[in-house]
Amino acid sequence: MGKLKKTLRKKVNPEKSNKMIYAVVAGLLLIFAAIFFLSTGKKAPENKKGIMEDTLSYLKKTAGISEMIMEPEKNIIKLFYIQDSRETKQTDYKRITLFAGMKLSNKLKNEKFIFRLIDGLKRDPHLVIVFQNGKVVEKLLEK
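Here the structure is a predicted model, which means the values were calculated and not measured.

Participant: What's the story with the pattern of salt bridges in this structure? I'm lost.
Facilitator: Across all of its chains, the model carries 3 salt bridges by this definition. Close ionic contact of E71 with K78 constitutes a salt bridge, the shortest N to O distance being 3.6 Å. Ionic pairing is found between R95 and D92, a salt bridge with its closest N-O pair at 3.7 Å. D92 sits in the partly exposed class, given a relative accessible area of 40%.

This is the structure we're talking about:
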């Protein structure tokens, strides 16, 4: 019996087992911290204007879009663009408007949104599209 205890003591290295315990505890702390931060993270805004601004905030960084006016009470978004003639690759603003409308209408279900794509220099609408539930309901104007 005494010989068996000696062999068990030799197999377990106390320094390595302590390091393993520390590693497991640190890993568990990281996992629980990640779960905590994900569950208490940034909540979506409750008002329609906040949702519209959050969903379409990427358009402000898009080259060529000079201004974006949102009217949440009327569900109208106006995108003003300025086409740069010096660019070799022309930006497809109609496609940008189409994807932005789909994205917003998926976010706010059961509401109709009117997107207007307007030339910033002429103040002339080029495209007017109505979206609902992630789909194009109708195109009112397309030039």
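Participant: It is not clear to me how helix 3 (residues 48-55) should be interpreted in this structure. Could you clarify?
Facilitator: For an α-helix the count is 3.6 residues per turn, leaving residues at separations of three or four pointing the same way. Among all positions of helix 3, only G50, I51, M52 and T55 are buried. Among the structural elements, strand 1 (65-71), strand 2 (76-81), helix 4 (93-107) and strand 3 (113-119) are those in contact with the buried residues of helix 3.

Participant: Help me understand the environment of I76 in this model?
Facilitator: Counting through the fold element by element, I76 comes out in strand 2. The sequence separation of I76 and F115 amounts to 39 residues, and the corresponding C-alpha distance is 6.0 Å.

What counts and how
- Residues numbered from 1 in each chain as written.
- Predicted model: local features only at pLDDT ≥ 70, side-chain atom pairs only at ≥ 80, totals over all residues.
- Heavy atoms only, no water.
- Salt bridge = Lys/Arg side-chain N within 4 Å of Asp/Glu carboxyl O.
- Buried < 20%, exposed > 50% of the residue type's maximum accessible area, 1.4 Å probe, protein only.
- Helix = DSSP H or I, 4+ residues; strand = E, 2+ residues; numbered from the N terminus.
- Contact = heavy atoms within 4.5 Å.

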